[in-house]
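Commentary on secondary and tertiary structure
The primary structure of each chain is shown beneath.
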Amino acid sequence: MLTASQTQQAIKIMGQKFPDATTSLVADTPFHFLLAVILSAQTTDKAVNRLTPQLFARYPTPESLATATESEVIPLIKTIGLYRNKAKHLIGCAQGLVSKFSSQVPQTRSELMQLAGVGQKTANVVLAECFNIPALAVDTHVSRVARRLAMVSPQAKVAEIEKTLKQKLPAESWIAAHHRMIYWGRYQCMARKPLCESCPLLSLCAFGKKQV
DNA sequence: ATCCCGAGGG
DNA sequence: CCCTCTGGAT
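Conventions adopted
- Residues numbered from 1 in each chain as written.
- Chains lettered and ligands numbered in written order.
- Predicted model: local features only at pLDDT ≥ 70, side-chain atom pairs only at ≥ 80, totals over all residues.
- Heavy atoms only, no water.
- Disulfide = S-S within 2.5 Å.
- Near = heavy atom within 4 Å.
- Polar contact = N/O pair within 3.5 Å; in protein donor to acceptor, adjacent residues only side chain to side chain.
- Helix = DSSP H or I, 4+ residues; strand = E, 2+ residues; numbered from the N terminus.
- Nonpolar A, V, L, I, M, F, W, Y, C, P; charged D, E, K, R; others polar.
- Domains from an automatic or database assignment.
- Contact = heavy atoms within 4.5 Å.
- Buried area = accessible area lost by both parts, 1.4 Å probe.

All chains considered together, the criterion is met by zero disulfides. Cys93 supplies the cysteine sulfur nearest to Cys130, a cysteine that is in no disulfide, at a spacing of 11 Å. You can see Cys205 has no disulfide; the closest cysteine sulfur is in Cys196, sitting 6.3 Å from it.

This is the structure in structure tokens:
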């Protein structure tokens, strides 16, 4: 396993390759950003950004979405996967915001996770992006990159990955590390065909050495 | 552990 | 054709 120092070094090198790594979801308010993150489950950000302009225009506020029906929402999001569950989540989330949080997006993990469709990962993304609160969201890219680079144990599940990465990285770097690992997973260490031959992290990566 | 689930890429 | 995409609820 990589030491804390090696892990920090790897994150630094990722930042040299992707200096402007940041969220790719487009939204104008915390409410709309929350909706975009819910929609992004098992879906590319590009697919989400394609439909959100119309969704946001139709539902500008939590109140407007809270009274919507699934048959109204589904046509607006049908081009992405899992749309039936996501329609329920969007409406339920808006209803929760209205009934529990005065239509304001809450700023704590436990409050966010009371909302429909919001789990640990989505809560962490919202805390980091909307409120600049140190958080480290672990998604499919972060999981794969952390495992391949042996920043965590090979069989580690999401909760353990988050815990281990937080232990190895200073809190000030969590948000940037999240973005860099996402970009790394998208454009360098892809799931299907990683670019190990030209990887700046090859010397740190047992997985990559096996591929080359 | 299972289900949900369209679009894009190889 | 098969795999993957910033997961969450049951």
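Having seen the structure, we can now continue with the description.
This part covers the protein's contact with DNA strand C. In the vicinity of DNA strand C there are 28 residues, among which Gln42, Thr122, Arg144, Arg186 and Arg192 approach most closely. At the protein interface, 64% of the atoms of DNA strand C within 4 Å belong to sugar or phosphate. For DNA strand C, a base oxygen lies 3.0 Å from a polar atom in the side chain of Asp139. Residue Arg144 places a side-chain N or O atom 2.7 Å away from a phosphate oxygen belonging to DNA strand C. Looking at the surface near DNA strand C, the elements with two or more residues in it are α8 (120–131), α9 (140–148) and α11 (174–187). Of the residues belonging to the surface near DNA strand C, the class tally is eight nonpolar, 14 polar and six charged.

A separate point is unusual backbone geometry. In the Ramachandran plot, Leu82 falls in the positive-phi region, its phi being about 60 degrees despite a non-glycine side chain. Take Leu82: it is sitting in the loop between α5 (70–77) and α6 (83–101). Phi at Ala150 takes a positive value of approximately 60 degrees, unusual for a residue other than glycine. Here Ala150 lies in the loop between α9 and α10 (158–168).

For the rest of this paragraph, the subject is the protein's contact with DNA strand B. Around DNA strand B sit Arg50, Lys78, Thr79, Ile80, Gly81, Leu82, Tyr83, Arg84, Asn85 and Arg192, and those are all the residues in its vicinity. Taking the atoms of DNA strand B that fall within 4 Å of the protein, sugar and phosphate contribute 61% of them. With respect to DNA strand B, the side chain of Arg192 contributes an N or O atom lying 2.7 Å from a base nitrogen. Considering each element in turn, the surface near DNA strand B owes the most residues, three residues, to α6. When the residues that make up the surface near DNA strand B are grouped by side-chain class, the tally is three nonpolar, three polar and four charged.

To continue, consider the domain arrangement of chain A. Domain boundaries assigned for chain A yield domain 1 (4–21 + 136–211) and domain 2 (30–131). On a C-alpha basis, the centroid separation for the pair domain 1 and domain 2 is 27 Å. If you look at the interface, domain 1 gives 10 residues, while domain 2 gives eight residues. The contact between domain 1 and domain 2 buries some 620 Å² in all, and 49% of this surface belongs to carbon and sulfur atoms. Looking at the side of domain 1 facing domain 2, the largest losses of area belong to Ala137, Glu162 and Ile175, adding up to 46% of the total buried there.

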